[in-house]
Amino acid sequence: MKTVLMTGTSSGIGYEAALVFARAGYQVVATMRNLDKKHTLQEIAIQEKLNINIKQLDVTNEQSVQTVVNDLLQNNGRIDILINNAGAGFLGALEQTTLSQIQDMMDVNFFGTCRLVKAVLPSMRKGKSGRIISISSVGGVSGHPFNDAYCAAKFAVEGLMESLAPVAKRFGVQISLVEPGPVNSDFVSSTLHKSPELSAELESDYRAMLDRYSLAVKNAFAQLGQTPTEIANILLEVASAEKPQLRYQTSELSHKMVGLKLVDPTGNKTIELSEGRLQ
């Protein structure tokens, strides 16, 4: 029975992935920052007799990460798969975004991934086996208006994993990035909830663009959004692949958006696509 360590399993993709992997026969260590949110997952695990062990883990806390990983290695002997899913979003004009808010985005989305990878990699290297799967986004390849801080963090995750992949492969450790587009979960609503209000000085210049972009995003989610379960099933496919790819887009939309960026070295087509959402 393979052991998979997941972060951010209290809701959305992480929650569904914990169930999908456990139902497929994996031993799942489902972690979340706030254990007050564990009850629904715990109840289903008990009802279905699933092998899910729920633990508290804060990806922004080095000691929290090390404690969970060390305990898991001591009790299980190995970690076969790490799924970096914990993350946070932020929507707002860069001028209204504080440096502290940008640092928070980097800490959760990027440094959180770094902490987990650094914690599990030594045992995987010594065991000559393992898989590290990080949830990125189309926003990790292609920048999106008013997502400056979030996209910067996801770009960093992409650079980290792409750079690590050929080195880790020499030790039998496979690296993959999963890049969803719109996903209908609590992630978007929580992102909008955290977005700061425009100041009086910025209102006239930014309000119309911000409203148009927000409407375009809402329409995209309503018409093209995937479910967390769809993404969870793709994660299972990635984890089970004999020769996993570095990058996986989860839909035709995300494939098109990422492809547009990768085949256009000038970057002009990406900017044109984003401009269309502001007009």
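Calculation notes
Residues numbered from 1 in each chain as written. Predicted model: local features only at pLDDT ≥ 70, side-chain atom pairs only at ≥ 80, totals over all residues. Heavy atoms only, no water. Pairing = 2+ DSSP bridges. Helix = DSSP H or I, 4+ residues; strand = E, 2+ residues; numbered from the N terminus. Axes fitted to C-alpha atoms, helices over the stretch in contact; angles between N-to-C directions. Contact = heavy atoms within 4.5 Å. Salt bridge = Lys/Arg side-chain N within 4 Å of Asp/Glu carboxyl O. Buried < 20%, exposed > 50% of the residue type's maximum accessible area, 1.4 Å probe, protein only. Core = buried A, V, L, I, M, F, W, Y, C linked by side-chain atoms within 4.5 Å.

Q: Sorry, what's going on with the sheet that holds strand S4 (residues 81-84) here?
A: What the seven strands build is an open sheet, ordered S3-S2-S1-S4-S5-S6-S7; its pairing is parallel. On the outer flanks of this sheet lie strand S3 (52-56) and strand S7 (247-249), each paired with one strand and no other. Geometrically, the sheet is characterised by an average inter-axis angle of 20 degrees between neighbouring strands, direction not taken into account. Contacting strand S1 (3-6), strand S2 (27-32), S3 and S4, helix H1 (residues 12-23) runs over the sheet at an angle of about 175 degrees to S1. Seen against the sheet, helix H5 (residues 148-169) touches strand S5 (130-135), strand S6 (173-179) and S7 and runs at an angle of roughly 155 degrees to S6.

Q: Just to check I follow, could you spell out the pattern of salt bridges for this structure?
A: Here the structure, examined in full by the defined rule, presents nine salt bridges. By sharing partners, the salt bridges in this structure join Glu 158, Glu 162, Glu 179 and Arg 247 into a single network.

Q: I keep staring at the environment of Ala 153 and nothing clicks. Help me out?
A: Its place among the elements puts Ala 153 in helix H5. We classify Ala 153 as buried; its relative accessible area is 0%. Along the primary structure Ala 153 and Gly 276 are separated by 123 residues, whereas in three dimensions their C-alpha atoms are 24 Å apart. Those residues in contact with Ala 153, other than ones at most four positions away along the chain, are Met 105, Met 106, Asn 109 and Phe 110.

Q: Help me understand the nonpolar core in this model?
A: One recurring pattern in soluble globular proteins is that nonpolar side chains are buried together. In terms of nonpolar packing, the biggest core is built from 35 residues, with Phe 21, Val 28, Leu 41, Ile 52 and Leu 235 touching the most fellow members. At the level of elements, S1, H1, S2, helix H2 (39-48), S3, S4, S5 and helix H8 (228-240) are the ones that each hand at least two residues to this core. By residue number, the principal contributor to this core is H1, which donates eight residues. Sequence-distant contacts of Leu 235, that is, excluding residues within four places in its chain, are made with Ile 13, Ala 17, Phe 21, Ile 83, Ile 133, Ile 135 and Val 178. In this structure, Val 69, Met 124, Ala 153 and Leu 164 belong to the second largest nonpolar core, which totals 29 residues.

Just geometry here; none of it tells us what the structure is for.
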